[in-house]
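Summary of structural features
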Amino acid sequence: MLKISNICKKYGDNLILDDISFMIDESKIVGLAGPSGGGKSTLLRCIQQLEKIDSGSITCDGQVCFMFQDFQLFPHMTVLENLLYAPKLNDQFKNHEQYAEKILKNLGIYDKSASYPAQLSGGQKQRVALARSLMIHPELLLCDEPTSGLDVATIFEVVSLLQSVRELGVTMMIASHDLDFLTKITDQIVLLRDGKILTTIETKQIENPINYLRKYY
């Protein structure tokens, strides 16, 4: 599904990603963990081609979509208008409004279709951001800190939402500081520090993955 081979990324003289290589299989959820400045967000941005890598290669089979940490919703557009904006620019996607309504119903926010972002809670904005990402039928969804600033109850909802996205056959890569969240939802966790992969674990095969990963912080 996704193959990352020996990629390096610099900002000036600072090496942000240092010879990163790994693969993700289809329909898997992979977490990116590690301290701030370790390269998690930069790696996601390189996969989405928002940043250009200096060396190495990234190969992905299918459409990729990025869900930003701060949601990046258009403040002057309603929820429904936010969902319809990108698909209307691409003739590949048909029946935009029907599909948008279906997604909003599935995510429990259809009643917010005519609301503006400023009228939504943090959890509702998160659902809208996820709905907008699904509008382009991605095979790979990249999520940057999807639980940042959310309370415990809303984080539980995000876990449930992302698990429902997996059931649609969407592969996901999620960058997060929240190890508890990542161990609940992922099949695999890749831990980055100082731009390097320190360890990779299969989440369900380790008795206490949080304690195991904290050794590397």
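That block above? That's the structure.
Starting from 1, residues in each chain are numbered consecutively following that chain's sequence as written. Only residues with pLDDT of at least 70 are given local features in this predicted model, and only at 80 or more are side-chain atom pairs given and counted; all residues enter the totals for whole chains, interfaces and linings. The side-chain figures draw on all heavy atoms in the structure; neither hydrogens nor water molecules are used.

Comments concerning the packing of aromatic side chains
Counted only if it meets this: Note on ring pairs: Phe, Tyr and Trp rings are taken, using the six-membered ring of Trp, and paired if centres are within 6.5 Å. Classes follow the plane angle, with under 30 degrees stacked, over 60 edge-to-face and the rest tilted. A run of H or I in DSSP becomes a helix once it reaches four residues, and a run of E becomes a strand once it reaches two; helices and strands are each numbered from the N terminus. Here's how the labels work: a residue is buried when its accessible area is under 20% of the maximum for its type, exposed when over 50%, partly exposed in between, all with a 1.4 Å probe on protein chains only. Charge-over-ring contacts are defined here by two conditions on Lys NZ or Arg CZ: a distance within 6 Å of the ring centre and an angle within 35 degrees of the ring normal.
On inspection of all chains with the given rule, the structure shows 3 aromatic pairs. Judged by centre distance (5.1 Å) and plane angle (65°), the ring pair of F74 and Y85 falls under edge-to-face. In this pair, F74 sits in the loop between β5 (64-67) and α2 (79-88) while Y85 sits in helix α2, placing the two residues 11 residues apart along the sequence. Residue classification places Y85 among the partly exposed positions, given a relative accessible area of 39%. Ring plane angle 55° and centroid distance 5.9 Å describe the contact between Y212 and Y216, whose orientation is recorded as tilted. Here Y212 falls in the partly exposed class, since its relative accessible area comes to 26%. You can call Y216 partly exposed: its relative accessible area is 23%. Above the plane of the ring of Y110 lies K105, whose end atom (NZ or CZ) is 5.0 Å from the centre.

Concerning a negative patch on the surface
The cut-off we apply is this: Think of a patch as exposed residues, more than 30% relative accessible area, with no salt bridge, where like charges cluster within 9 Å and nonpolar side chains (Val, Leu, Ile, Met, Phe, Trp, Tyr) cluster within 5 Å. All accessible-area figures derive from a Shrake-Rupley calculation using a 1.4 Å probe, and residue coverage is judged against the displayed protein chains alone. Salt bridge, as used here, is a side-chain nitrogen of Lys or Arg placed within 4 Å of a carboxyl oxygen of Asp or Glu. Neither His nor the chain ends contribute to the count of charged residues, in which Lys and Arg are positive and Asp and Glu negative. Charge coordinates come from a single atom per side chain, which is NZ of Lys, CZ of Arg, CG of Asp or CD of Glu.
A cluster of like negative charges, contributed by D25, E26, D61 and E139, occupies part of the molecular surface. Summarising the element assignment, E26 is placed in the loop between β2 (14-24) and β3 (29-33).

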